[in-house]
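Fold and geometry: a report
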Amino acid sequence: EEWRKNTPTEEVVQEMNQEYRAEFGENHPALLNFWSKQDIADKDITLELEERWRNGEEIRLEDLDGITDVVTKQQWMQKVNSGGMSQQDVTNRNGFIKGLASNRLWDETGDKTTSNPMYSSIIEQATDFFNGTYRAERSQGQDHITSLRLAQQETRAKINDGSFDVRPVYSRDEDRANNIN
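Every chain is numbered on its own, with residues counted from 1 as its sequence reads. Local features in this predicted model are restricted to residues whose pLDDT is 70 or higher, and side-chain atom pairs enter the listing and the counts only when it is 80 or higher, whereas totals over whole chains, interfaces and linings include all residues. Based on all heavy atoms of the structure, the side-chain values leave hydrogens and waters out of the count.

1. Here's the deal with the overall build of the protein
Helix numbers and strand numbers start at the N terminus; a helix is a DSSP run of H or I with at least 4 residues, a strand a run of E with at least 2. Helix and strand content of the protein: nine helices and zero strands. Residue exposure (1.4 Å probe, protein chains only): buried if accessible area is under 20% of the type maximum, exposed if over 50%, otherwise partly exposed. Counting across all 181 residues of the protein, residues that qualify as buried make up 37%. Method for areas: the Shrake-Rupley scheme with a 1.4 Å probe, in which residue coverage is limited to the protein chains shown. Surface accessibility of the protein: about 11,400 Å² in total, with carbon and sulfur atoms responsible for 47%.

2. What about the nonpolar core?
For the purposes of this section, nonpolar cores are sets of buried Ala, Val, Leu, Ile, Met, Phe, Trp, Tyr and Cys residues that join through side-chain atoms within 4.5 Å. Among the nonpolar cores identified, the biggest contains 18 residues, and M85, I97, I122, F130 and I159 are the most heavily contacted of them. Going through the elements one at a time, α6 (87-109), α7 (117-139) and α8 (144-160) are the ones with two or more residues in this core. A total of seven residues in this core trace back to one element, the largest contributor, which is α7. Here, two residues are considered to be in contact whenever any of their heavy atoms come within 4.5 Å of each other. The residues touching I122, leaving out its near neighbours within four places in the chain, are A101, R104, I159, F164 and D165. Judged by nonpolar contacts, the second largest core, of nine residues, contains L49, I67, M77 and V80.

3. Things to note about the confidence of the model for the protein
Confidence scores per residue from the predictor, reported as pLDDT, run from 0 to 100. Across the protein, the average pLDDT comes to 82, with 86% of residues at or above 70. Ranking the elements of the protein by mean pLDDT puts helix α1 (residues 2-5) last, at 60, and α8 first, at 96.

4. A short note on the packing of aromatic side chains
To describe a pair of aromatic rings, you give the distance between the ring centres and the angle between the ring planes. What counts as a ring pair is set by centres within 6.5 Å for rings of Phe, Tyr and Trp (its six-membered ring), and what kind of pair is set by the plane angle: stacked under 30 degrees, edge-to-face over 60, tilted for all other angles. Taken as a whole and judged by the stated rule, the model has one aromatic pair. Taken together, a centroid distance of 5.8 Å and an interplanar angle of 55° make the contact between F129 and F164 tilted. Taken together, the positions of F129 in helix α7 and F164 in the loop between α8 and α9 (174-178) put the pair 35 residues apart, joining distant regions of the chain. A positively charged side chain is recorded as over a ring if its NZ (Lys) or CZ (Arg) lies within 6 Å of the ring centre. The angle to the ring normal must also be within 35 degrees. Directly above the aromatic system of W76 lies the positively charged group of K79, at a separation of 4.6 Å from the ring centroid. Across from the ring centre of W53, 3.4 Å away, lies the NZ or CZ of R135, which sits over that ring.

5. Here we look at the packing of helix α4 (residues 42-54) against helix α5 (residues 70-80)
Geometrically, a packed helix pair is captured by the angle between its two axes and the distance between the axes. All axes here are fitted lines through C-alpha atoms, helices being fitted over the stretch that makes contact, and every angle between N-to-C directions spans 0 to 180 degrees. The interhelical angle for the contact between α4 and α5, taken along N-to-C directions, is 20°, at an axis separation of 12 Å. The angle between α4 and α5 places the two elements in the roughly parallel class. The interaxial crossing formed by α4 with α5 has left-handed handedness. Only T72, W76 and K79 of α5 make contact with α4, whose side of the interface consists of T46, L49, E50 and W53. Gly falls in the polar group here, along with every residue not listed as nonpolar (Ala, Val, Leu, Ile, Met, Phe, Trp, Tyr, Cys, Pro) or charged (Asp, Glu, Lys, Arg). The residue inventory of the contact of α4 with α5, partitioned by class, reads three nonpolar, two polar and two charged. We call two directions roughly parallel when the angle between them is under 35 degrees, roughly antiparallel when it is over 145, roughly perpendicular when it lies between 65 and 115, and oblique otherwise. Crossing chirality is assigned from the near helix's rotation relative to the far helix, an anticlockwise turn below a right angle marking it left-handed and a clockwise turn marking it right-handed.

6. A short note on the packing of α6 against α7
At a minimum axis separation of 9 Å, α6 and α7 run at an interaxial angle of 140°. By the angle between their axes, α6 is oblique relative to α7. Judged by the twist between their axes, the crossing of α6 over α7 is right-handed. In this structure, α6 contributes R93, I97, K98, A101, S102, R104, L105 and E108 to the contact, and α7 contributes M118, Y119, I122, I123, A126, T127, F130 and N131. Per-class residue counts for the contact of α6 with α7 are nine nonpolar, three polar and four charged.

7. Digging into the pattern of salt bridges
Salt-bridge detection follows one rule: a side-chain nitrogen of Lys or Arg within 4 Å of a carboxyl oxygen of Asp or Glu. Under the defined criterion, the tally for this structure stands at five salt bridges. Residues R52 and E57 are paired through a salt bridge, measuring 3.2 Å at the closest nitrogen-oxygen approach. Under the relative-accessibility criterion, R52 is labelled buried at 14%. The class of E57 is buried, set by a relative accessible area of 9%. Among the salt bridges present, the one from R60 reaches E62, with a minimum N-O distance of 3.4 Å. Looking at R60, the relative accessible area reads 35%, which means it is partly exposed. Connected through shared salt-bridge partners, R52, E57, R60, E62 and D63 make up one network.

In structure tokens form, the structure reads like this:
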């Protein structure tokens, strides 16, 4: 695992695999995966990592395999041990928020359909709020379970008080738009 932190060259990975193959008679599975990821551009790996990070998912050391830029890898290394939700946690979060959104719609409009524009407004904003609350709690030293429960508690309160019923209004930065060149 230590070799992953240093962004090894392809030659180093090749040498490590030859040593493993000489000892065990087969290629090392982690190194094969590393080779595959080396063929993916850093920006594509970064886009995937950013999406997962925004979704509240955990970032593991092996997720950084294939990043060749040292600065980019160091930035993501800081996030590796900062916590995150497993796939099951994400599924549970989504179900929790969808259930609360449906109940909110029923209470407000007598309608639980997902085609109601208010439904997507609640889902998007509540998911972002949940993720932000979870990450804030983790950064303050709370354990995983406590952070999840606090995020659920605060998200439930925000959904129930109608904070997410209306989409926020965004305005355009006209100066920036007019001076694009």
